[in-house]
Amino acid sequence: MSSNQSPSIIVFDVNETLLDIDTLTPLFARLFGNKHMLREWFAQLVLYSQTMTLSGLYTPFGELGVGALQMTADIHEITLTDDDINELKELMSKMPAHPDAVSALTKLRDAGFRLVTLTNSASSASPTPLEKAGLSEFFEQSFSVEKVAKFKPAPETYQMAAKELAVEMSDLCLVACHLWDTIGAQAAGCQGAFLKRPYNAMLPASNVPTPNFMASDLVTLAEQIIAKSQNS
């Protein structure tokens, strides 16, 4: 895809990109006595979701999340209760939107872009996490990787979204605060927009695709995408 071509459909990652996982911090601070354990747990969750895909296996993301919590607790010799696990499930189901989400989505929608989501999380009954966060109205469709039983950044996940939308891969731009996600999307033929939220950064190594767009807040990232479309 030409770097000068503007995408017509913006595909949003959900967890941490749109929804604030830092609201889970009090649980980890209580369980482990260290709020930063949230990041260790999340890293384990991402690692083992990708391990399952590379191994040709699939378990729903939420179930892996519970398993990763138990594994992290076992590593640190912490005993979990059923209430602890239920609290994680409850918190994950109602994460609020980041403060910059509504403004950025409004700008993109008003500029004429089609907006969808693509998440590792399984689909859920209404009210969905996006509905609870007040963001669902912005998206024409919400895709889950469960349809292909593979987690991002497997190419099949992005290809599934393009197929369902009946467009070319080059029509899509993935917005994510995880570089592994934009790498996967760009390798599959999409453009990538990297949101540098806290605890996320570029990987300075050879052959790592440079995102087409990059900013530390979602509004600025949206403005970059819009400006590109107006100049192309």
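As a reminder, the structure under discussion sits directly above these lines.
Model, not experiment: these values are computed from the prediction. (Residues numbered from 1 in each chain as written. Predicted model: local features only at pLDDT ≥ 70, side-chain atom pairs only at ≥ 80, totals over all residues. Heavy atoms only, no water.)

A. Summary view of the nonpolar core. Counting residues in each nonpolar core, the largest one holds 71 residues, and the members touching the most others are Phe-12, Phe-28, Trp-41 and Leu-135. Looking at which element gives the most residues to this core, the answer is helix H2 (residues 37–54), with seven residues. (Core = buried A, V, L, I, M, F, W, Y, C linked by side-chain atoms within 4.5 Å. Buried < 20%, exposed > 50% of the residue type's maximum accessible area, 1.4 Å probe, protein only. Helix = DSSP H or I, 4+ residues; strand = E, 2+ residues; numbered from the N terminus.)

B. Summary view of the pattern of salt bridges. Under the counting rule described, the total for this entry stands at 12 salt bridges. Between Arg-39 and Asp-22 there is a salt bridge; the shortest N-O distance is 3.0 Å. In this pair, Arg-39 sits in helix H2 while Asp-22 sits in the loop between strand S1 (9–12) and helix H1 (25–32), placing the two residues 17 residues apart along the sequence. Assessed through its relative accessible area of 17%, Arg-39 is described here as buried. Here Lys-152 ties to Asp-181 by a salt bridge, and the two come within 2.8 Å at their closest N and O atoms. Of the two residues, Lys-152 is situated in the loop between strand S3 (141–144) and helix H7 (155–165) and Asp-181 in helix H8 (residues 179–187); the sequence distance between them amounts to 29 residues. By the burial criterion, Lys-152 is buried, and Asp-181 matches it. (Salt bridge = Lys/Arg side-chain N within 4 Å of Asp/Glu carboxyl O.)

C. Main features of the packing of aromatic side chains. Under the counting rule described, the total for this entry stands at six aromatic pairs. Between Phe-28 and Phe-32, the ring centres sit 6.0 Å apart and the planes meet at 10°, which makes this aromatic pair stacked. Of this pair, Phe-28 and Phe-32 are both found in helix H1, four residues apart, which corresponds to roughly one turn of the helix. Residue Phe-28 is classed as buried on the basis of its relative accessible area of 0%. On the basis of relative accessible area, Phe-32 is assigned to the buried category, the value being 15%. Between Phe-28 and Trp-41, the ring centres sit 5.2 Å apart and the planes meet at 40°, which makes this aromatic pair tilted. On the criterion of sequence distance, the pair formed by Phe-28 in helix H1 and Trp-41 in helix H2 is long-range, its members being 13 residues apart. (Phe/Tyr/Trp six-rings, centres within 6.5 Å; stacked < 30°, edge-to-face > 60°.)

D. Representation of the pairing of strand S4 (residues 172–176) in the model. For S4, a buried count of five out of five residues is recorded, marking the element as mostly surrounded by other parts of the structure. In S4, alternate side chains face the same way, and those of Leu-172, Leu-174 and Ala-176 on one face and Cys-173 and Val-175 on the other are all buried. Judged from the four bridges that link them, S1 and S4 form a sheet pairing that is parallel. From the neighbouring strand, Ile-9 faces S4, where its bridge partner is Leu-172. (Pairing = 2+ DSSP bridges.)

E. Highlighting the packing of H1 against H2. It is the contact of H1 with H2, at a shortest axis distance of 8 Å, that shows an interaxial angle of 105°. Comparing the axis directions of H1 and H2 gives the class roughly perpendicular. Residues Thr-25, Phe-28 and Phe-32 of H1 form the contact with H2, whose participating residues are Met-37, Leu-38 and Trp-41. (Axes fitted to C-alpha atoms, helices over the stretch in contact; angles between N-to-C directions. Parallel < 35°, antiparallel > 145°, perpendicular 65-115°, else oblique. Contact = heavy atoms within 4.5 Å.)

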